[in-house]
Amino acid sequence: MAFGSNQHGQCGLDDTNDKEKWLRYSYHNEEEIDEPTIVSFFNDKQVRDISCGALHTIVLTVYGQVYVNGGNAYYQLGIGDKSKRYIPELNEYLKDKNIVDIKCGYYHNVVKTDNDEFYLFGDNTDYQCLVFDFEDDYDEEYVKIPTQFKLENKDIVAIYPGFYATRVVCK
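Undergrad: Where do I start with the overall build of the chain in this structure?
TA: Per the secondary structure count, the chain includes one helix and 13 strands. For the chain, the N- to C-terminal ordering of α and β elements is β-α-β-β-β-β-β-β-β-β-β-β-β-β. Here the contacts in the chain between residues at least 6 apart in sequence split such that 45% fall between residues at least 24 apart.

Undergrad: For this particular structure, what's the right way to read the packing of aromatic side chains?
TA: Geometrically, a pair of aromatic rings is defined through the distance of the ring centres and the angle of the planes. In total, this model carries ten aromatic pairs according to the counting rule given. Their ring planes at 50 degrees and their centres at 5.4 Å tell us that Tyr75 and Tyr142 sit as a pair that is tilted. Here the residue Tyr75 occupies a position in the loop between strand 6 (66-70) and strand 7 (85-90), and Tyr142 occupies one in strand 11 (residues 142-149), the gap between them amounting to 67 residues. For the residue pair Tyr75 and Tyr142, the accessibility class agrees, reading buried in each case. Both rings, one in Phe163 and one in Tyr164, keep their centres 4.5 Å apart while their planes meet at 75 degrees; by these two values the pair is edge-to-face. Taking the relative accessible area as the measure of exposure, Tyr164 reaches 35% and is therefore partly exposed. By the ring-pair criterion, three or more aromatic residues cluster together here, those being Tyr74, Tyr75, Tyr106, Tyr107, Tyr142, Phe163 and Tyr164.

Undergrad: I'm lost on the sheet that holds strand 11 in this one. Help?
TA: In any sheet, the strands associate via hydrogen bonds between backbone groups, in a parallel or an antiparallel arrangement. With antiparallel pairing, the four strands of this open sheet are ordered in space as 8-9-10-11. Two strands in the sheet have a free side with no partner beyond their single neighbour: strand 8 (99-104) and strand 11. Across the sheet, the mean angle from the axis of one strand to that of its neighbour is 15 degrees, orientation sign disregarded. Looking at chain direction, strand 8 and strand 9 (residues 108-113) are connected through five bridges and run antiparallel. Directly across from Cys104, in strand 9, lies its bridge partner Asn109.

Undergrad: Got a minute to help me understand the side chain of Asp123 in this structure?
TA: Following the sequence through the fold, Asp123 ends up in strand 10 (residues 118-123). A polar atom in the side chain of Asp123 sits 3.2 Å from the side chain of Gln128.

Undergrad: What exactly am I supposed to notice about the environment of Gly70 here?
TA: Positionally, Gly70 belongs in strand 6. Separated by 18 residues in the primary sequence, Gly70 and Pro88 have C-alpha atoms spaced 8.0 Å apart. Dropping the residues within four chain positions of it, Gly70 is found in contact with His8, Gly9, Gln10, Leu55, His56, Leu77, Lys84 and Arg85.

Undergrad: I keep staring at the pattern of salt bridges and nothing clicks. Help me out?
TA: Two side chains carrying opposite charge are able to pair once their charged atoms lie near each other. Inspection of the entire model under this criterion finds six salt bridges. Across the salt bridge formed by Arg85 and Asp81, the nearest N and O atoms sit 2.9 Å from each other. Ionic pairing is found between Lys95 and Glu92, a salt bridge with its closest N-O pair at 2.9 Å. Its relative accessible area of 43% is what places Lys95 among the partly exposed residues.

Undergrad: Explanation requested: the nonpolar core in the structure shown.
TA: Looking at soluble globular proteins, one finds that nonpolar side chains tend to be buried together. By size, the foremost hydrophobic cluster in this structure holds 22 residues, and its most contacted members are Ile58, Val66, Ile99, Ile102, Val111, Leu120 and Ile159. No other element matches the four residues that strand 10 contributes to this core. Non-local contacts of Ile159, meaning those with residues more than four positions away in its chain, are made with Lys103, Val110, Phe118, Leu120, Phe149, Thr166, Arg167 and Val168.

Conventions we followed
Residues numbered from 1 in each chain as written. Predicted model: local features only at pLDDT ≥ 70, side-chain atom pairs only at ≥ 80, totals over all residues. Heavy atoms only, no water. Helix = DSSP H or I, 4+ residues; strand = E, 2+ residues; numbered from the N terminus. Contact = heavy atoms within 4.5 Å. Phe/Tyr/Trp six-rings, centres within 6.5 Å; stacked < 30°, edge-to-face > 60°. Buried < 20%, exposed > 50% of the residue type's maximum accessible area, 1.4 Å probe, protein only. Pairing = 2+ DSSP bridges. Axes fitted to C-alpha atoms, helices over the stretch in contact; angles between N-to-C directions. Polar contact = N/O pair within 3.5 Å; in protein donor to acceptor, adjacent residues only side chain to side chain. Salt bridge = Lys/Arg side-chain N within 4 Å of Asp/Glu carboxyl O. Core = buried A, V, L, I, M, F, W, Y, C linked by side-chain atoms within 4.5 Å.

Purely geometric numbers; function is a separate question.
Shown next as structure tokens:
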């Protein structure tokens, strides 16, 4: 279920279906969901975990699939473009990896595979991702797709994204 601001699609509810049933406008002039509402997109999926950033949401299924929705101005959905997603969308870059953990920072994220690989994506203006995707339209301020993070001669145990920083725990 989801409720609260849905201005950027972060609740994962289609902004066109049955809008009158759940939508009101707040004093901030933002779309708000004023009662717990089922995110019907996930009716046929088994959800393991949910993580929420400032304007986006990441959902992990029991099968290791990652779905993303919400604001995307900082490429925080990791899908290669900056368009908002009102309905959850499978992150195609992660579909062949078995993801076991997800964490959202403010505008950046960390996912972990069953092989203890870590991928970061999203806002990198303060080097909070410290990885670069090296696509043809390379821009060090944003990691547009999930990109693996490694530390030389270190075994990473966990990575925690924060507001504009990231913390790493090593063995």
